[in-house]
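What follows is each chain in one-letter form.
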Amino acid sequence: ASGSNQMQIDAGQKAFGAKQCQQCGLVYTVHEPEEEQLHREYHNSVHVLRFKGWIDEDIVAVYTEWANDGRIIRLTEQAPAVRLERLNELIKLVDKELGYASYIVPKTFVAFFAVRKQQIVGMCLVQPLTQAHRFMQIDGIDYCSEEAYEASCGISRIWVSPLQRRRRIATKLLRAVQLHTILGREIPMNRIAFSSPTDDGRIFARQVTQC
Ligand code: ACO
Ligand code: ZN
């Protein structure tokens, strides 16, 4: 529920108690115990977004227009355990907002973090695929691609911090996916499949894939 209409709280929703927290940015409905609980949990775990950087991090793009330290870094399942632990914590935070009950992480993946002002402001978790169809399930995750029957990778999750949306951060993350998921090969947009998209995800995917 809170995954959609993040930035467009209209008067109608306000009347029903939709509220955006000034600190964590989450949009939730006040006086709905489940949503208030979700907000508390989300709010209490935003500290996982603090990011001082890693030595020898794998930087795939630099965006000084975001901030001095604006960049996108890449991580795979072969990363050191502490870094994978960090990714897991981040996925838990993202899944809270997405309302995923049990979070499944693919065995083989490429993850991208967008970093700005010592904060993780976005992430994208990608599963490289050798062959795929319109609807498919790999490692327990459902994927569908609206137009293409063939896919080169599946977006398991894409997420941008609620306070940083509509600044093209997800667009840049997707560009990193295209260029830096498969070594030496650019993935065309129409070969990227999205896993059970939310409303936001569907609008975003339509916009960036032009289909
Ligand atoms: N409403 C309308 N259009 C949108 C929206 C939206 N909520 N989000 C993106 N777009 C379109 C716009 O055309 C936008 O360009 P514009 O701002 O110039 O009009 C274009 O897509 C590019 O958007 P970005 O700024 O690159 O997207 P952003 O950084 O805001 O991130 C995302 C989009 C990842 C969907 C973000 O809203 C988010 O994290 N939402 C919550 C989590 C979520 O739903 N993730 C997708 C789940 S599906 C999956 O993970 C496979
Ligand atoms: Zn909050």
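Please refer to the structure placed before this passage.
This is a predicted model, so every value here is computed, not measured.

## A few points about the site of ligand 1
Neighbouring ligand 1 are 24 residues; Ile158, Arg166, Arg168, Thr171 and Thr198 lie closest to it. Take Arg166: an N or O atom from its main chain is 2.7 Å from an oxygen atom of ligand 1. Take Ala170: an N or O atom from its main chain is 3.0 Å from an oxygen atom of ligand 1. If ligand 1 stood free it would expose 960 Å²; the protein chains cover 90% of that surface. The biggest single contributor to the shell around ligand 1 is strand β9 (residues 153-160), with six residues. Tallied by class, residues from the shell around ligand 1 come to ten nonpolar, seven polar and seven charged.

## Brief notes about the coordination of the zinc ion (ligand 2)
Distances from the zinc ion (ligand 2) to its protein donors, namely Cys21 (SG), Cys24 (SG), His39 (NE2) and His43 (ND1), fall within the range 2.0 to 2.3 Å. If you look at the zinc ion (ligand 2), its four donor atoms make angles of 103 to 116° with each other, and the shape they trace is tetrahedral. Sequence spacing among the residues donating to the zinc ion (ligand 2) works out to C-x2-C-x14-H-x3-H. Here Cys21, found in the loop between β1 (18-20) and β2 (27-29), pairs with His43, found in helix α2 (residues 33-45); they are 22 residues apart in sequence, far enough to count as distant. A relative accessible area of 23% means that His43 is categorised as partly exposed.

## Some remarks on the layout of surface pockets
Within this model, the second largest pocket holds a volume of roughly 200 Å³. Looking at the second largest pocket, it is lined by 16 residues, and the ones nearest its centre are Gln23, Leu49, Gln119, Ser161 and Leu163. Within the residue set of the lining of the second largest pocket, elements represented by two or more residues are α2 and β6 (119-128). If one sorts the elements of the lining of the second largest pocket by residue count, β6 sits on top with three residues. Split by residue class, the lining of the second largest pocket holds nine nonpolar, five polar and two charged.

Here is what the cut-offs are and how they apply
- Residues numbered from 1 in each chain as written.
- Chains lettered and ligands numbered in written order.
- Predicted model: local features only at pLDDT ≥ 70, side-chain atom pairs only at ≥ 80, totals over all residues.
- Heavy atoms only, no water.
- Near = heavy atom within 4 Å.
- Polar contact = N/O pair within 3.5 Å; in protein donor to acceptor, adjacent residues only side chain to side chain.
- Areas by Shrake-Rupley, 256 points an atom, 1.4 Å probe, with all protein chains shown as cover.
- Helix = DSSP H or I, 4+ residues; strand = E, 2+ residues; numbered from the N terminus.
- Nonpolar A, V, L, I, M, F, W, Y, C, P; charged D, E, K, R; others polar.
- Donors = N, O, S within 2.8 Å, 3.2 Å for Na, K, Ca; no water.
- Tetrahedral: all angles 85-135°; square planar, octahedral: opposite > 155°, others 65-115°.
- Buried < 20%, exposed > 50% of the residue type's maximum accessible area, 1.4 Å probe, protein only.
- 1 Å grid on protein atoms, 1.4 Å probe; cavity = no way out; pocket = protein on both sides within 12 Å on 5 of 7 lines; lining within 4 Å.
- Points joined across faces, edges and corners; volume = space filled by probe spheres on them.

Don't take any of this as a statement about function, it's just geometry.
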